[in-house]
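# Per-entry structural report
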Amino acid sequence: MTMQTDESRTNRPGPVTRIRVREVSGTAVRDRRDDLATEEPLEIRLLAGGESRTVAITMRTPGADFELAAGFLHGEGIIGPGDIAAIGYCTDEDLTPEERYNTVTVRLRTSTMPDISALERHFLTSSACGVCGSASLDALRDRCSPLDAGTKIEVSPEILYGLPSMLRKAQGVFGRTGGLHAAGLFTPDGTLIAAREDVGRHNAVDKLVGWSLTTDRLPLDQHVLLVSGRASYEIMQKALAAGVQIVCAVSAPSSLAVDLGRDFGMTLVGFLRDERFNIYSGTERITT
């Protein structure tokens, strides 16, 4: 697989945008500089058999865009390890330099475009009638199996207690802006393997999975995933597709996230902060 390199960064969006603000505190007023987390759209295109198709447009924080695209496609069941031939930014001459950096093309090794009808339905019906949690879980069962109990890992509460502070220290952009989520990948002994930031929790997870995919680290069945916000169905789905056994969140899980964890044999930990947490599924992996 080849990754496009870019010699010029002209007009390329960065993770931080600098602005001027007026700060009011009590009776004091001052104008100062402020750093904001950048939010820009990213168009993800698939290229296979001479055919190009846009499969998603997501709002994200620029940075690790190729990982984000790869992780998103893997989480949706479109690609697997070894399917990507190359990833690069768009080179259409009719686009401005800034627009080119907001479009990523993933070229596949296959000679035909994969079936993305399920992905299209997902985006078209996400807010329509007739969709329920049970239907979402049924669709997930068609392409994912419960985790293999033979590869079970265990983690102690003492290890879990230390993960949020390690993830926080790895959030360089959050330290400047205070406006980003993060996802971190840890070993069972608490070693931080990688961390990614984004305005979207799910995007941060996609970046981690995409990094793992493009560096031949999948499946992640010997790792713990920590997200800085709440645990949603979407995050659990992406973790399941990557083989993650233990998912932790510093905030609450959703009901469907808990259902997914219990149905597929995943461990889900919520409210992991201040040396406390709740276990919503898969208690056998936490050595209480």
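Residue numbers run consecutively from 1 along every chain, following the written order of its sequence. Local features in this predicted model are restricted to residues of pLDDT 70 or higher, and side-chain atom pairs are both shown and tallied only at a pLDDT of 80 or more, whereas totals for entire chains, interfaces and linings draw on every residue. Side-chain numbers come from the whole structure's heavy atoms, not from hydrogens or water.

## Some details on the pairing of strand E9 (residues 192-198)
If a strand is regular, its side chains alternate between the two faces of the sheet. Two strands form a pair only when DSSP identifies at least two bridges running between them. To qualify as a helix, a DSSP run of H or I must reach at least 4 residues; to qualify as a strand, a run of E must reach at least 2; elements of each kind are numbered from the N terminus. Bridging between strand E8 (residues 181-186) and E9 involves 6 bridges; their strand directions are antiparallel. The residue bridging Phe186 from the neighbouring strand is Leu192, located in E9. Two successive antiparallel strands, E8 and E9, enclose a turn made up of 5 residues, where Gly190 displays a positive phi of approximately 90°.

## A few points about the nonpolar core
Counting 57 residues, the largest nonpolar core has Leu46, Leu73, Val106, Leu225, Leu260 and Met266 as the members making the most contacts within it. Apart from the residues within four sequence positions on either side, Leu225 is in contact with Ala183, Gly184, Val205, Leu208, Ala239, Val244, Ile246, Val247 and Cys248. Counting 16 residues, the second-largest nonpolar core is a separate cluster that includes Ile153, Leu167, Val269 and Ile286. Working definition of a nonpolar core: buried Ala, Val, Leu, Ile, Met, Phe, Trp, Tyr and Cys residues. They are joined through side-chain atoms within 4.5 Å. Here the term buried applies to any residue with accessible area under 20% of the maximum for its type, exposed to any over 50%, and partly exposed to those in between, with areas from a 1.4 Å probe on protein chains only. Contacts are assigned to residue pairs that have any heavy atoms within 4.5 Å of one another.

## Examining the sheet that holds strand E6 (residues 84-89)
Read across the open sheet, the 5 strands follow the order E1-E6-E7-E4-E5; overall the sheet is mixed. Two strands bound the open sheet, and with one partner strand each, they are strand E1 (2-3) and strand E5 (51-60). Of the pairings in the sheet, the one linking strand E4 (residues 40-48) to strand E7 (residues 103-108) comprises 5 bridges and is parallel in character. In the sheet register, Arg45 faces E7, and the bridge partner there is Thr105.

## Let's talk about the UniProt feature "binding site: Mo-bis(molybdopterin guanine dinucleotide)" (unreviewed entry) in the protein
UniProt positions are given in the numbering used here, feature names are shortened, and annotations may be inferred rather than shown by experiment. UniProt records the feature "binding site: Mo-bis(molybdopterin guanine dinucleotide)" (unreviewed entry) at Phe271, Leu272, Arg273, Asp274, Glu275 and Arg276, using the numbering of this structure. Structurally, Leu272 can be placed in the loop between strand E12 (267-270) and strand E13 (278-281). Mapped onto the elements, Asp274 comes out in the loop between E12 and E13.

## Structural notes on the environment of Leu108
Among the structural elements, Leu108 can be located in strand E7. Residue Leu108 is classed as buried on the basis of its relative accessible area of 7%. With sequence-adjacent residues up to four places away left out, Leu108 is seen in contact with Leu46, Leu47, Ala48, Ile79, Asp83, Ala85 and Pro114.

## Section: the packing of aromatic side chains
Ring pairs shown here join Phe, Tyr and Trp side chains whose ring centres sit within 6.5 Å, with only the six-membered ring taken for Trp; geometry is labelled stacked below 30 degrees between planes, edge-to-face above 60, and tilted in between. What the rule picks out here adds up to 3 aromatic pairs. Look at Phe66 and Tyr89: their rings are 4.8 Å apart centre to centre, the planes differ by 50°, and that puts the pair in the tilted class. In this pair, Phe66 is assigned in helix H1 (residues 65-75) and Tyr89 in strand E6, connecting sequence segments 23 residues apart. The class for Phe66 is buried, based on a relative accessible area of 10%.

## Points about empty space enclosed by the protein
To find leftover empty space, one rolls a probe the size of a water molecule over the atoms. Using protein atoms alone on a 1 Å grid, points that fit a 1.4 Å probe yet trap it form a cavity, whereas open point sets bounded by protein on both sides within 12 Å along at least five of seven lines form a pocket; residues with an atom within 4 Å of a point count as lining. Grid points are joined across faces, edges and corners, and a volume is the space filled by probe spheres set on the points. Within this structure, the stated rule accounts for 1 cavity of 30 Å³ or more. One number sums up the size of the largest cavity: a volume of about 40 Å³. For the largest cavity, the full set of lining residues is Leu185, Val205, Leu208, Val209, Leu220, Leu225, Ala239, Ala242 and Val244. Counting only elements with at least two residues in the lining of the largest cavity, the list comes to helix H7 (201-214) and helix H8 (233-242).

## Quick look at helix H9 (residues 255-263)
Within an α-helix, residues lying three or four positions from one another point in the same direction, as the helix has 3.6 residues per turn. Among the residues of H9, those classed as buried are Leu256, Ala257, Val258, Leu260 and Gly261. Residues of H9 that are buried in the fold lie against helix H4 (133-141), H8, E12 and E13. Gly265 lies just past H9 and shows a positive phi near 75°.

## Quick look at the environment of Asp221
Examined against the element boundaries, Asp221 turns out to sit in the loop between H7 and strand E10 (224-227). Between the alpha carbons of Asp221 and Gly243 there is a distance of 4.8 Å; along the sequence they are 22 residues apart. Excluding residues that lie within four positions of it along the chain, Asp221 makes contacts with Thr151, Ile153, Gly243 and Gln245.

## A look at the sheet that holds E9
Pairing is mixed in the open sheet, where 6 strands are placed in the order E9-E8-E10-E11-E12-E13. Edge strands, defined here as strands with exactly one partner in the open sheet, are E9 and E13. On average, each strand axis in the sheet is inclined to that of its neighbour by 20°, with strand direction left out of account. Axis definition: a line fitted to C-alpha atoms, limited for helices to the stretch in contact. Angles are taken between N-to-C directions and run from 0 to 180 degrees.

## A closer look at the side chain of Gln237
Along the polypeptide, Gln237 turns up in helix H8. When near neighbours in sequence (up to four residues on either side) are disregarded, Gln237 contacts Gly75, Glu76, Leu140, Arg143 and Leu260.

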